[in-house]
Amino acid sequence: MISEPIQAAIEWMHRQQSASVDRLERWCNQNSWSMDVPQLQQMAEMLCTDFRSFGVSFDQIPLGPMRLLDDAGQWYAPSTGPALLWHHQPDARQRVLLMIHYDTVYPAVGSNTADRCVRQGDRLLGPGTADAKGGIAVIAMAVEAGLRFGLFADLGVSILLNPDEEIGSTASEPLMRTLAPQFDAALVFEPTLPDGKLVAARKGSGGFAFVVRGRSAHAGRNPEQGRNAIVHLSRIVVKLAELHDPDGGVLVNVGKIAGGGPLNRVPDYASVHLNVRVTDTQAMQRIESMLETIRDQFTGDGYEVELNGMLHSPPKCSNDALVAMQDRVAAAANAVGRSIEWQDTGGACDGCKLAAMKLPNIDTMGITGDKLHSSEEYCVPATLVPAAATVLTFLANSAAK
């Protein structure tokens, strides 16, 4: 059973469905690629304007530079857009953080991906429709309803929208770390799984690069004086492939190799990029140690081997706090006629970081969709109101605790 104010708010949500989808389409037609700061700023301004219309006034928080690996396996520090932050009743006894990113993986026009939304039957196709501007639409609908119907009278609600999640949230993580201790719970608005299930546990994820520097020499006149970086790297790649151990909680994907030059010269440079997934903190510590061991093992005899990278998202493991959050979300969903099923996944998100910061969270509170990060990405607009109703009921229940 739900209270009359919540029921009235949900009925209002249904009347807002069409306008909310129109707004989502407009958001998705505004490019916000993670690496395009001007486009991110335009997206931030659009969100600030739209949220201000119903009483949410974001502060734009400048962030420091990101920390990324370039194609050569070296660290670099590009800029990013602002984080958007709003607090409602920050002195309340119970506080809940609502969080999601506004960046997407899609470059601006000229790429081979769709850059405008298209409506096809019961779907809205376009960049970020599910991941994760659809999640921002859920936040907007739930918070506007909560404010309009006075359901947050005894609850602290904050919203954080960050611009760099798709590439690891390295710029926004310090802000998360500052905020996390201030809250009792968090909801993160990644899309549900395609069948509507919500995610429970997640694997941790990170990117690494090995850079090999050898010694150049003429391939015909004095090859014995050279140190072939590509050949040496190939030995490292074999060792990396041997680390792939699903039963032991470690997944390793060797994803990119670069190096070499003229064929009549012994190559003195080569690099490999890899993605690592881990199921728990023990596996995380084990793989980091094994990567360092490989670096040390292959350094010497004229070769320099450099290892860069990090596990930017720790694993999110099942524990009592996560189970308790699942129960609360399932109860809220059940109250509005929605049945929740749970599934673990290998994907990572900012919910992993918040969990490592000891902030319990459920991280698939957004809209339902599929084909993420592709030209066929879509969301199902009919799932917007049920998702927002679940969030609103969860928040109202939190206020009553």
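What counts, and at which threshold
Residues numbered from 1 in each chain as written. Predicted model: local features only at pLDDT ≥ 70, side-chain atom pairs only at ≥ 80, totals over all residues. Heavy atoms only, no water. Helix = DSSP H or I, 4+ residues; strand = E, 2+ residues; numbered from the N terminus. Areas by Shrake-Rupley, 256 points an atom, 1.4 Å probe, with all protein chains shown as cover. Lys, Arg positive; Asp, Glu negative; His and termini not counted. Charge placed at Lys NZ, Arg CZ, Asp CG, Glu CD. Expected span 1.5 Å × (residues − 1). Buried < 20%, exposed > 50% of the residue type's maximum accessible area, 1.4 Å probe, protein only. Arc of directions from axis to C-beta. Contact = heavy atoms within 4.5 Å. Polar contact = N/O pair within 3.5 Å; in protein donor to acceptor, adjacent residues only side chain to side chain. UniProt positions renumbered as here; feature names shortened; annotations may be inferred. 1 Å grid on protein atoms, 1.4 Å probe; cavity = no way out; pocket = protein on both sides within 12 Å on 5 of 7 lines; lining within 4 Å. Points joined across faces, edges and corners; volume = space filled by probe spheres on them. Nonpolar A, V, L, I, M, F, W, Y, C, P; charged D, E, K, R; others polar.

1. Quick notes on the overall build of the protein
Within the protein one finds nine helices and 20 strands. In terms of overall dimensions, the protein has C-alpha extents of about 85 × 45 × 40 Å along its principal axes. Summing over all exposed atoms, the protein offers an accessible surface of approximately 16,900 Å²; the carbon and sulfur share of this is 49%. With 34 positive and 45 negative side-chain charges, the protein shows a spacing of 2 Å between the two charge centroids.

2. What to know about helix H7 (residues 320–335)
Along its 16 residues, H7 runs 23 Å from first to last C-alpha, staying within 8% of the 22 Å computed at 1.5 Å per residue. Among the residues of H7, Leu322, Met325, Gln326, Val329, Ala332 and Ala333 are the ones counted as buried. The buried residues of H7 occupy an angular sector of 130° when projected down its axis, which confines them to one face. In H7, the exposed residues that point more than 90 degrees away from the buried face are Asp320, Asp327 and Asn334. Elements that come into contact with the buried residues of H7 comprise strand S9 (185–188), strand S10 (198–202), strand S17 (342–345), strand S18 (361–362) and helix H9 (384–399). At the exit of H7 stands Gly337, carrying a positive phi of roughly 85°.

3. What about the side chain of Glu25?
Note on placement: Glu25 falls in helix H1 (residues 4–29). A distance of 2.7 Å separates the side chain of Glu25 from the side chain of Arg119, its partner in a polar contact. Discounting chain neighbours no more than four positions away, the residues touching Glu25 are Cys117, Arg119 and Leu124.

4. Topic: the UniProt feature "domain: Peptidase M20 dimerisation" (unreviewed entry) in the protein
Mapped onto the present numbering, the UniProt feature "domain: Peptidase M20 dimerisation" (unreviewed entry) falls at residues 201–297. Secondary structure over residues 201–297 splits into 32% helix and 37% strand, and the C-alpha atoms at its two ends are 34 Å apart.

5. Some thoughts on the layout of surface pockets
For the largest pocket, the calculated volume is near 1,300 Å³. Lining the largest pocket are 46 residues, and of these Glu166, Ile167, Asn275, Arg277 and His312 sit closest to its centre. In terms of residue class, the lining of the largest pocket is made up of 16 nonpolar, 17 polar and 13 charged. Approximately 280 Å³ is the volume attributed to the second largest pocket. Cys317, Asn319, Ala355, Ala356 and Lys358 are the residues nearest the centre of the second largest pocket, which is lined by 15 residues in total. Broken down by secondary-structure element, the contributors of at least two residues to the lining of the second largest pocket are helix H6 (281–297), H7 and helix H8 (350–356). Its residues assigned to classes, the lining of the second largest pocket shows ten nonpolar, three polar and two charged.

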